[in-house]
Amino acid sequence: MIERLTEQLQRIASEFQPAALASSLSAEDMVLTDAIAAARLPIEIFVLDTGRLHADTLALVPAIEQRYSLKVAVFRPSTEAVERFVAKHGLDGIYRSIELRKACCAIRKVAPLAEALQGKRAWITGQRREHSAGRAQIPEQESDTVHAMQKFNPLAAWREEDVWGYIRSRGVPYNALYDQGYRSIGCAPCTRPVVSGEDLRAGRWWW
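All of the points below concern the structure found in this document. The model shown is predicted, which means the values in this text are computed figures rather than measured ones.

## Regarding the pattern of salt bridges
Pairing of side chains with opposite charge becomes possible as their charged atoms draw close.
At step 1: Taken as a whole and judged by the stated rule, the model has 12 salt bridges.
At step 2: Here Arg-52 makes a salt bridge to Asp-92, at a shortest N to O gap of 2.8 Å. Taken together, the residues Arg-52 in the loop between β2 (44–48) and α3 (55–58) and Asp-92 in the loop between α5 (79–89) and α6 (98–117) connect sequence positions 40 residues apart.
At step 3: Looking at Arg-52, the relative accessible area reads 16%, which means it is buried.
At step 4: Note that Glu-65 is salt-bridged to Lys-71, the shortest N-O span being 3.6 Å.
At step 5: Residue class for Glu-65 comes out partly exposed when judged on its relative accessible area of 24%.
At step 6: Residue Lys-71 is classed as exposed on the basis of its relative accessible area, which comes to 67%.
At step 7: One salt-bridge network, held together by shared partners, links Glu-28, Arg-128 and Glu-130.

## Digging into the sheet that holds strand β6 (residues 149–152)
At step 1: Read across the sheet, six strands follow the order β3-β2-β1-β4-β6-β5 without closing on themselves; strand pairing throughout is mixed. Either end of the sheet is taken by a strand with one partner, and the two such strands are β3 (73–75) and β5 (141–144). Pairwise comparison of adjacent strand axes, ignoring direction, gives a mean angle of 30° for this sheet.
At step 2: When strand β1 (residues 19–23) meets β2, the two strands line up parallel, connected through four bridges. Looking at β2, one finds that Ala-22 is bridged to Phe-46.
At step 3: The sheet contacts of α6 involve β1, β2, β3, β4 (122–124) and β6, and relative to β2 the element is tilted by about 160°.

Criteria and thresholds
- Residues numbered from 1 in each chain as written.
- Predicted model: local features only at pLDDT ≥ 70, side-chain atom pairs only at ≥ 80, totals over all residues.
- Heavy atoms only, no water.
- Salt bridge = Lys/Arg side-chain N within 4 Å of Asp/Glu carboxyl O.
- Helix = DSSP H or I, 4+ residues; strand = E, 2+ residues; numbered from the N terminus.
- Buried < 20%, exposed > 50% of the residue type's maximum accessible area, 1.4 Å probe, protein only.
- Pairing = 2+ DSSP bridges.
- Axes fitted to C-alpha atoms, helices over the stretch in contact; angles between N-to-C directions.
- Contact = heavy atoms within 4.5 Å.

The quantities given are spatial measurements derived from coordinates; they are silent on function.
Here is the structure:
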């Protein structure tokens, strides 16, 4: 499984330059970061700092840079767009409707992602089929029509225990929030721990 992951990443680095890992600093993305660094592949790693991430999440950026001696590119939303949204809807207006939550995501995540992907031929994600019903059929490679490039999901078939087995066997840094019951971590206002029996992503947009 690990050998195949390395082969996949090597092919991406060889055939789809320039390519980038869009890291949310999740456990899955830490696996991909470790694999990219171990093989010394020319794949950029970038993070979207939405301005509302947990401190434990952001702490992984310097941890990655120190451990792997590589630079993580950090993209942030437009200050003006954020200020306009907050002035009109309040800092936590996201709780009032799905539309406002999506509008916030568009400013803090979607626009910076488009900026981060400019000039790239491919991007890599840590999405897995096990995450949710909506991801149950995701392929390992697909055409992203929105960004007009190839999108790769090398961990699509991995199980949660595969991810954590890799992390523990290699001592890969991970978000301390996982040890507090979180299983899917996004922006702080939009994320909570899950309880026994809940879906993996039940803590996202929980309200």
